[in-house]
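Chains, contacts and geometry: an overview
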Amino acid sequence: MNLSRVDLNLFVVFDVIYREGNLTRASEQLNLSQPAVSHALGRLRERFDDPLFERSGKGMSPTPLAKAIIGRVRAALQDLESTLTEGLAFDPAQANRVFTLASRDVMEATALPLLMARLQQQAPGIQLRSVRLARRDMESALSSGQIDFAADVLLPVGDDIEHQAIGEEKLVVAMRNGHPLQGNLWDLDSYLSARHVLVSSRAEGPGVEDFALTRQGKVRQVALRCQNYYAAIQVMQQTDLLLTLPGSFARNMASRQPDFTVLPLPLPLAPLEMHLYWHRKASRDPAVMWLKEQMAGLMPGVVSG
């Protein structure tokens with residue numbers, strides 16, 4: 001294939017179709033008509049001699065070949081974009097870009113409102129996507145350009161991934177108002193006497209607080225394991241289950257639904273340090289670095305530097 005005869009915009013279309021899984025949504029994101037997107041896909045299919053995407057329900061599913069090349073296509077597009085923007089001044093007021101952030105529901109609830117308010121004032125043309133991503137996929141997603149940033153606790157990463165501490169979270173305990181333990185002596189024995197909700201994206205395994213309990217030779221009874229804190233709070237408010245959760249999220253929800261009590265975690269557990277991750281190549285992109293600075297300081301217990 002002679003590169004000089006290839007329209008590189010076709011790979012931009014390929015990337016968006018892969019991400020959206022739907023030609024209508026892809027055309028909306030690209031500001032192109034659906035026939036134009038279909039035509040571009042047809043040209044790519046001819047180049048690769050492969051359908052690339054096949055209809056599946058109401059969407060489009062990638063073929064094995066599409067899955068095999070998406071990582072390299074995204075990395076190439078990111079490199080090209082970095083080359084075009086490297087050394088150029090970035091004007092947030094005039095910028096029109098889409099950034100993707102992989103985060104947890106706690107950050108979505110506590111940091112995104114502040115970040116979007118900041119972007120509305122300084123960079124109204126910037127769009128932000130907040131997505132959920134398995135931790136094991138974080139490095140590959142940053143490397144391929146599938147995401148621009150990830151926000152999570154401190155994790156082991158390779159040399160190509162850079163990160164910065166942006167804050168820290170202290171765990172607290174929430175119980176409904178009128179709980180049998182409310183008003184009683186609050187200590188570890190009280191904590192262990194109740195049943196609990198555990199929030200985790202994993203199907204099994206202990207939480208951070210359970211590791212701390214294990215070090216003391218203790219174990220708690222988990223009655224419910226669920227995937228997000230909002231659902232866990234609804235359960236906690238209607239049962240006698242206790243919920244251990246990040247303090248920022250607990251305070252945020254308690255201000256809106258003042259029908260539960262927040263207590264300190266009766267365990268010697270250090271605050272969880274929150275980090276922002278990005279790929280080393282993105283450090284050459286002034287737009288990415290500008291957005292990184294906007295996200296620093298949005299989490300509670302800001303870590304300077």
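Below or above, wherever it landed, is the structure these notes cover. Keep in mind the model is a prediction, meaning the values are calculated, not measured.

Here we come to the packing of aromatic side chains. In this description, an aromatic ring pair is defined by two values, namely the gap between the centres and the angle between the planes. Tallied over the entire structure, the rule returns 6 aromatic pairs. Plain terms: the ring middles of Phe14 and Tyr18 are 6.2 Å apart, the flat faces sit at 55° to each other, and that makes the pair tilted. On the criterion of helical spacing, the pair formed by Phe14 and Tyr18 is a turn pair, its members being 4 residues apart in helix α1 (residues 9-20). Given the relative accessible area of 1%, Phe14 is considered buried. A relative accessible area of 22% means that Tyr18 is categorised as partly exposed. Arranged with centres 5.5 Å apart and planes meeting at 50°, the rings of Phe14 and Phe53 form a pair that is tilted. Here Phe14, found in helix α1, pairs with Phe53, found in strand β1 (residues 53-56); they are 39 residues apart in sequence, far enough to count as distant.

Along helix α2 (residues 23-30), the positions that sit buried rather than exposed are Leu23, Ala26 and Ser27. Angular distribution of buried residues about the axis of α2 spans 100°; they occupy a single face of the element. Between a side-chain oxygen at the N-terminus of α2 and the backbone nitrogen of Thr24 the separation is 2.9 Å; the capping residue is Asn22. One or two residues past the end of α2 sits Asn31, with phi positive at roughly 60°.

A few words on the packing of α2 against helix α3 (residues 34-48). Each packed pair of helices is defined by two parameters, the angle between the axes and the distance between the axes. It is the contact of α2 with α3, at a shortest axis distance of 9 Å, that shows an interaxial angle of 105°. Classified by the angle their axes make, α2 and α3 are roughly perpendicular. When α2 is examined against α3, the residues Leu23, Thr24, Ser27 and Leu30 are found in contact with a partner set consisting of Gln34, Val37, Ser38 and Leu41.

Criteria and cut-off values
- All residue numbers refer to positions counted from 1 along the written sequence of the respective chain.
- For this predicted model, a pLDDT threshold of at least 70 governs which residues receive local features, and a threshold of 80 or more governs which side-chain atom pairs are given and counted, while totals over whole chains, interfaces and linings are taken from all residues.
- Excluding hydrogens and water, the side-chain values take into account all heavy atoms of the structure.
- When two rings of Phe, Tyr or Trp (its six-membered ring) have centres within 6.5 Å they constitute a pair, described as stacked for plane angles under 30 degrees, edge-to-face for angles over 60, and tilted for the intermediate range.
- Think of it this way: any DSSP run of H or I at least four residues long counts as a helix, any run of E at least two long counts as a strand, and we number them from the N terminus.
- Exposure is judged per residue with a 1.4 Å probe applied to protein chains only, and the accessible area is read against the type maximum: over 50% gives exposed, under 20% gives buried, and values in between give partly exposed.
- Note that the arc is computed from the directions linking the helix axis to the C-beta atoms.
- What qualifies as a polar contact is a pair of N or O atoms within 3.5 Å, subject to a donor-acceptor requirement within protein and to the restriction that residues adjacent in sequence count only when both atoms come from side chains.
- Throughout, an axis means a line fitted to C-alpha atoms (over the contacting stretch in the case of helices), and angles, computed between N-to-C directions, take values from 0 to 180 degrees.
- For this classification, under 35 degrees means roughly parallel, over 145 means roughly antiparallel, 65 to 115 means roughly perpendicular, and everything else is oblique.
- The contact criterion used throughout is that any non-hydrogen atoms of two residues lie within 4.5 Å.

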